[in-house]
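Residue strings, one per chain:
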Amino acid sequence: MFIKPNQMSCSTTISEQDIAFMQYALDLADLAEAKGEIPVGAVLVDKNQQIIGRGWNQTIQLSDPSAHAEMQAIRQAGQTLGNYRLLDCTLYVTLEPCPMCAGAILHSRIGRLVFGASDYKTGAVGSRYHLFEDYKMNHFLEIQGNVLGKECSQKISDFFKRRREEHKAQKKA
């Protein structure tokens, strides 16, 4: 009989450091929003809790569909460490990663993922897709969701509500 290995560990404890780094990711999401981007922020820390990468959505600004907050943080961390493998690192992101970002997380060998709001449209960590639950993957990581989830979700909701209102106002004009 084949037994599926337990490759995904879900933590239930949220530390003060988790909250502090997620708050910083929310601050980075504000930078994205100030530039007219979807407000998502990400921060990557090493095993010593030192920030090695940070990012915010810049897809519009850079005309790059891959310029998600997570991708920006992962790229910067790789440059900081001089290595594409980000072993023993933790990625904090305000929104559940999409399939593209989940793939980058797997390929970079990040050890832990902490996210705020779930993304029921494109989330790849269980809300829509379950990319980290595939037993054939060659990397396993710890996942903690819903860290400052209300705040993260509210930031996204408020952004899209304003966008819809602006769109309505433009149609009337």
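Cut-offs and rules
Residues numbered from 1 in each chain as written. Predicted model: local features only at pLDDT ≥ 70, side-chain atom pairs only at ≥ 80, totals over all residues. Heavy atoms only, no water. Helix = DSSP H or I, 4+ residues; strand = E, 2+ residues; numbered from the N terminus. Contact = heavy atoms within 4.5 Å. Phe/Tyr/Trp six-rings, centres within 6.5 Å; stacked < 30°, edge-to-face > 60°. Buried < 20%, exposed > 50% of the residue type's maximum accessible area, 1.4 Å probe, protein only. Patch = residues over 30% accessible without salt bridge, like charges linked within 9 Å, V, L, I, M, F, W, Y side chains within 5 Å. Areas by Shrake-Rupley, 256 points an atom, 1.4 Å probe, with all protein chains shown as cover. Salt bridge = Lys/Arg side-chain N within 4 Å of Asp/Glu carboxyl O. Lys, Arg positive; Asp, Glu negative; His and termini not counted. Charge placed at Lys NZ, Arg CZ, Asp CG, Glu CD. pLDDT = per-residue confidence, 0-100. Core = buried A, V, L, I, M, F, W, Y, C linked by side-chain atoms within 4.5 Å. Expected span 1.5 Å × (residues − 1). Arc of directions from axis to C-beta.

## Quick notes on the environment of Phe21
Structurally, the position occupied by Phe21 is in helix H1 (residues 16-34). With 130 residues separating them along the chain, Phe21 and Glu151 place their C-alpha atoms 14 Å apart. Look past the residues within four positions of Phe21 in its chain and what remains in contact with it is Val43, Val45, Gln49, Ile51 and Tyr92.

## Here we look at the packing of aromatic side chains
Counting across every chain of the model gives two aromatic pairs. Measuring from ring centre to ring centre gives 5.1 Å for Phe159 and Phe160, while their planes differ by 80°; the resulting arrangement is edge-to-face. Judged by relative accessible area, Phe160 falls into the partly exposed class, the value being 31%.

## Considering unusual backbone geometry
Despite not being glycine, Asp88 has its phi angle at roughly 60°, a positive value. Along the polypeptide, Asp88 turns up in the loop between helix H3 (69-81) and strand S4 (90-95). Asp88 sits in the exposed class, given a relative accessible area of 54%. A positive phi is found at Arg109, a non-glycine position, where the angle reads about 65°. Along the polypeptide, Arg109 turns up in the loop between helix H4 (99-108) and strand S5 (112-117).

## Observations concerning a positive patch on the surface
There is a patch of like positive charges on the surface, built from Lys121, Lys161, Arg164, Lys168 and Lys172. Topologically, Lys168 is positioned in helix H5 (residues 149-172).

## Some points on the confidence of the model for the protein
On average, residues of the protein carry a pLDDT of 91, and 93% of them reach 70 or more. Predicted confidence for residues 1-8 stays below pLDDT 50, and this span has 14 contacts to residues more than four positions away or in other chains.

## Here we look at the nonpolar core
By size, the foremost hydrophobic cluster in this structure holds 42 residues, and its most contacted members are Leu44, Leu91, Ile105, Leu113 and Phe132. Apart from the residues lying within four places of it in its own chain, the contact partners of Leu91 are Ala42, Val43, Leu44, Glu70, Ala73, Ile105, Ile110, Arg112, Leu113 and Val114.

## Remarks on H1
Given a rise of 1.5 Å per residue, 19 residues ought to cover 27 Å, and the 27 Å separating the end C-alpha atoms of H1 matches this to within 8%. Restricting attention to buried positions, one finds in H1 the residues Asp18, Phe21, Met22, Ala25, Leu26, Leu28, Ala29 and Ala32. Taken around the axis of H1, the buried residues stretch over an arc of 165°, which confines them to a single face. Facing away from the buried surface of H1 by more than 90 degrees, the exposed residues are Glu16 and Ala34. In this fold, the buried residues of H1 make contact with strand S2 (41-45), strand S3 (51-56), S4, S5 and H5. Remark: Gly36 follows H1 within two positions and exhibits a positive phi of approximately 85°.

## Quick word on the pattern of salt bridges
In this structure the tally under the stated criterion is four salt bridges. In this structure, Lys155 and Asp30 form a salt bridge, with 2.4 Å as the shortest nitrogen-oxygen distance. On the criterion of sequence distance, the pair formed by Lys155 in helix H5 and Asp30 in helix H1 is long-range, its members being 125 residues apart. Judged by relative accessible area, which is 34%, Asp30 ranks as partly exposed. Arg112 is the partner of Glu142 in a salt bridge, and the nearest nitrogen-oxygen pair spans 3.3 Å. Taken together, the residues span a long stretch of sequence, with Glu142 in strand S6 (residues 142-144) and Arg112 in strand S5 at a distance of 30 residues. On the accessibility criterion, Glu142 (26% relative accessible area) is partly exposed. Among the charged side chains, a network of salt bridges with common partners joins Asp18, Arg112 and Glu142.

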